[in-house]
Amino acid sequence: MKSPGSIAGCRTGRRSYRFHLLALAVLAAATILMQNAPRANLAPPHAAADLGEVNINNGFAELVEAVKPTVVNISVTGRAETREFTPFGNNTPFDEFFERFFEDFPGMTPERSPRQGVRKTVAVGSGFIVDPDGLVVTNHHVIEGAETIEVVLHDGTRIPASLRGTDEKTDLAVLNIDWDGPLPYAVFGDSDAARVGDWVVAIGNPFGFGGTTTSGIISARGRDIQQGSLLDFIQIDASINRGNSGGPLFNMRGEVIGVNNAIYSPNGGNVGIGFAIPSSTAREIVDQLKEAGIVERGFLGVLVQSLNDELAESFGLTEPTGALVAQVNPGSPAERAGIRVGDIILRFDGKPVDGPRSIARLVSLTSENSKVVVTLWRDNAEVNVFADIASQQASMREDPSSSSSEVDVLGLSIRDISREDRKQFNLEDDVQGAIIVGIEPDGVAARHGLRPGDIIQRVDNAQVQTAQDARERIDQLVAENRASVLMLIRRLNGASFVALPLS
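Scoring rules and cut-offs
- Residues numbered from 1 in each chain as written.
- Predicted model: local features only at pLDDT ≥ 70, side-chain atom pairs only at ≥ 80, totals over all residues.
- Heavy atoms only, no water.
- Helix = DSSP H or I, 4+ residues; strand = E, 2+ residues; numbered from the N terminus.
- Buried < 20%, exposed > 50% of the residue type's maximum accessible area, 1.4 Å probe, protein only.
- Contact = heavy atoms within 4.5 Å.
- Areas by Shrake-Rupley, 256 points an atom, 1.4 Å probe, with all protein chains shown as cover.
- Expected span 1.5 Å × (residues − 1).
- pLDDT = per-residue confidence, 0-100.
- Phe/Tyr/Trp six-rings, centres within 6.5 Å; stacked < 30°, edge-to-face > 60°.
- Core = buried A, V, L, I, M, F, W, Y, C linked by side-chain atoms within 4.5 Å.
- Salt bridge = Lys/Arg side-chain N within 4 Å of Asp/Glu carboxyl O.
- Pairing = 2+ DSSP bridges.
- Polar contact = N/O pair within 3.5 Å; in protein donor to acceptor, adjacent residues only side chain to side chain.

1. Some words on the overall build of the chain
Helices and strands together make up the secondary structure of the chain, namely 12 helices and 29 strands. Within the span of the chain, comprising 503 residues, buried residues form 50% of the whole. Long-range pairs, those at least 24 residues apart, make up 63% of the contacts in the chain with a sequence separation of at least 6. With the model as given, the accessible surface of the chain reaches about 24000 Å², and the carbon-plus-sulfur share is 48%.

2. Structural notes on helix H5 (residues 279-292)
An ideal rise of 1.5 Å per residue puts 20 Å on 14 residues; H5 measures up with 19 Å between its terminal C-alpha atoms. Listing the buried residues of H5 in full gives Ser279, Thr281, Ala282, Ile285, Val286, Gln288 and Leu289. Where H5 ends, the next residue or the one after it, Gly293, has phi of about 80°, a positive value.

3. Here we look at the environment of Gly293
Along the polypeptide, Gly293 turns up in the loop between H5 and strand S15 (298-299). The buried category is assigned to Gly293, whose relative accessible area is 18%. A sequence separation of 130 residues divides Gly293 from Leu163, and the C-alpha atoms of the two residues are 8.7 Å apart. Aside from chain neighbours lying at most four places away, what touches Gly293 is Arg164, Gly165, Thr166 and Gln288.

4. Here's the deal with the confidence of the model for the chain
Across the chain, pLDDT averages 77, with 74% of residues at or above 70. Put simply, helix H1 (residues 21-36) is where the chain has its lowest mean pLDDT, 39, and strand S5 (residues 135-138) is where it has its highest, 96. Overall, residues 81-116 carries pLDDT values under 50, and its contacts beyond four positions in sequence, including any with other chains, amount to 55 contacts. Within the model, the stretch residues 399-407 combines pLDDT values under 50 with 25 contacts to residues more than four positions away or in other chains.

5. Observations concerning the packing of aromatic side chains
Applying the stated criterion across every chain, the model contains three aromatic pairs. Plain terms: the ring middles of Phe233 and Phe275 are 6.3 Å apart, the flat faces sit at 75° to each other, and that makes the pair edge-to-face. Within this pair, whereas Phe233 is found in strand S11 (residues 233-236), its partner Phe275 is found in strand S14 (residues 274-278), the two being separated by 42 residues in sequence. What makes Phe233 buried here is its relative accessible area of 1%.

6. Concerning helix H8 (residues 356-364)
In terms of burial, H8 is a largely internal element, seven of the nine residues being buried. Along H8, the residues that are buried comprise Ser358, Ile359, Ala360, Arg361, Leu362, Val363 and Ser364.

7. With respect to the nonpolar core
In this structure, Leu63, Phe128, Phe188, Val201, Ile203 and Phe250 are the most contacted members of the largest nonpolar core, which totals 29 residues. Taken together, the elements giving at least two residues each to this core come down to helix H2 (61-67), strand S4 (118-131), S5, strand S8 (172-177), strand S9 (199-204), strand S13 (256-265), S14 and H5. Of the residues forming this core, the biggest block, four residues, is contributed by H5. Formed by 22 residues, the second largest nonpolar core is a distinct cluster that contains Val464, Leu477, Val485 and Met487.

8. With respect to the pattern of salt bridges
Enumeration according to the criterion identifies 13 salt bridges in this entry. If you follow the salt bridges from partner to partner, you end up with Asp460, Arg473, Glu480 and Arg482 in one network.

9. Topic: the pairing of strand S26 (residues 455-459)
Strand residues, when the strand is regular, have side chains that alternate between the two faces of the sheet. With four of its five residues buried, S26 lies for the most part within the structure. Judged from the four bridges that link them, S26 and strand S28 (residues 484-491) form a sheet pairing that is antiparallel. Note that in S28 the partner of Ile456 across the bridge is Ile489. Remark: two residues form the turn of the hairpin made by S26 and strand S27 (residues 462-463), two consecutive strands paired antiparallel; Asp460 in that turn has positive phi of roughly 55°.

10. Comments concerning the pairing of S28
Bridge count between S28 and strand S29 (residues 494-501): eight bridges; the pairing is antiparallel. For Leu486, the partnering residue across the bridge sits in S29 and is Ala499.

11. What about the side chain of Asp232?
Of note, Asp232 is situated in the loop between strand S10 (212-223) and S11. On the accessibility criterion, Asp232 (18% relative accessible area) is buried. One polar contact links Asp232 to Arg361, side chain to side chain, over a distance of 2.6 Å. Filtering out sequence-adjacent residues up to four positions away, Asp232 remains in contact with Gly222, Arg223, Pro278, Arg357 and Arg361.

12. Regarding unusual backbone geometry
The backbone of Asp349 sits at a positive phi, close to 55°, despite the residue not being glycine. Inspection of the secondary structure assignment puts Asp349 in the loop between strand S18 (344-348) and strand S19 (351-352). According to the relative accessible area criterion, Asp349 is partly exposed, its value standing at 39%. Positive phi outside glycine occurs at Asn481, with the angle close to 60°. Within the fold, Asn481 resides in the loop between helix H12 (467-479) and S28.

Written out as structure tokens, the structure is:
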């Protein structure tokens, strides 16, 4: 059960819901009718941006008519273990009815194997076509763990889809569908130009009903809903619900300025607070997934912190803006560029930096081998340095010493403590453990306050002498399906216990 006021992905169908029998029957009948209905002609390929600004006084019909053919429904099948078959539990008078009903409509509901205790799961979501050759954008969580993926066009045509690429950190995925001839497609707009109060239209597949249009306004910008440092969400009041995940958020020109992603809900339904991934982020991620199937993130190699009024004044700034450099990783692009501890990063590649999350997002979305200008505040003046951005993945794999090790499940890289580490971090000779030398800026460890230079001294109450000790203990906890790992972390100002989730 979700706690009051929880943030939830707007997906549906992965769990065993207690859905009304009448609603199930209606949905099943609707599916049969849709599959047997004559096909409508698909609109010709077009860019929705050709629509021009829609006059809101005339309603949304013109906009919806132009962009709706670009929106698709997504059906995903998978398998999950289950102990319960019917909404009323096992061994009830309803068992026989549900078994017959599920057998008649296998695509609608879970289907259990009595011997294995496994059920077939069907999830529904939304997406939109971004290329006339059949590239579809959706959310990662919509297709996560899928055995088969099917895309349903606006006229009811069902097409098998394959996964082109997915990125869990930004919850985006790109699919391929094969279609004879070009398809209508949507185009990305400029989410940075969208203002609070602007009208928006969301189209998607809430609760599996498909082709549903809602309207509203942008309620806020730059929302942090604790889903990773790479995302600053657009908040909207247009109704979105489970199944809207991955669907497009259109502006009044018919451009996609967001990908609907999550809702704030105390009861699982819409309460007028939804969140969309801005197109400024989605466009860059989608381009990389289209080309390579993966996202290569940039790496600068600094540990930064936010500024308050007192810190800003002490550094000669009139306001607490930027990101204060607290540590520069040895051999990193930052060190080679001449960035120092005590510098304040004001701009990155010409874009303003307003805090740690801002710089983490900008760096991560920068391509490897890019040369960027980093504007610093140093000695009461602005200074420009040039940084050659490295690959975050490659930096995490680098072996700083012969005893380095990685623990990817926690989003960090660790190694044995070296002589250089003891000198740099002022560690006594008797201090043992594994030192954190790299950390994913949007990973679980970073979100719980861990940073390079921290020493892992205990894992699940077991003493850690080396990086290998830590890795083996964490791997054992993962194999045991433990929900979290308790670690004792030492840093300059003392030691404290931190519990990190493992799933």
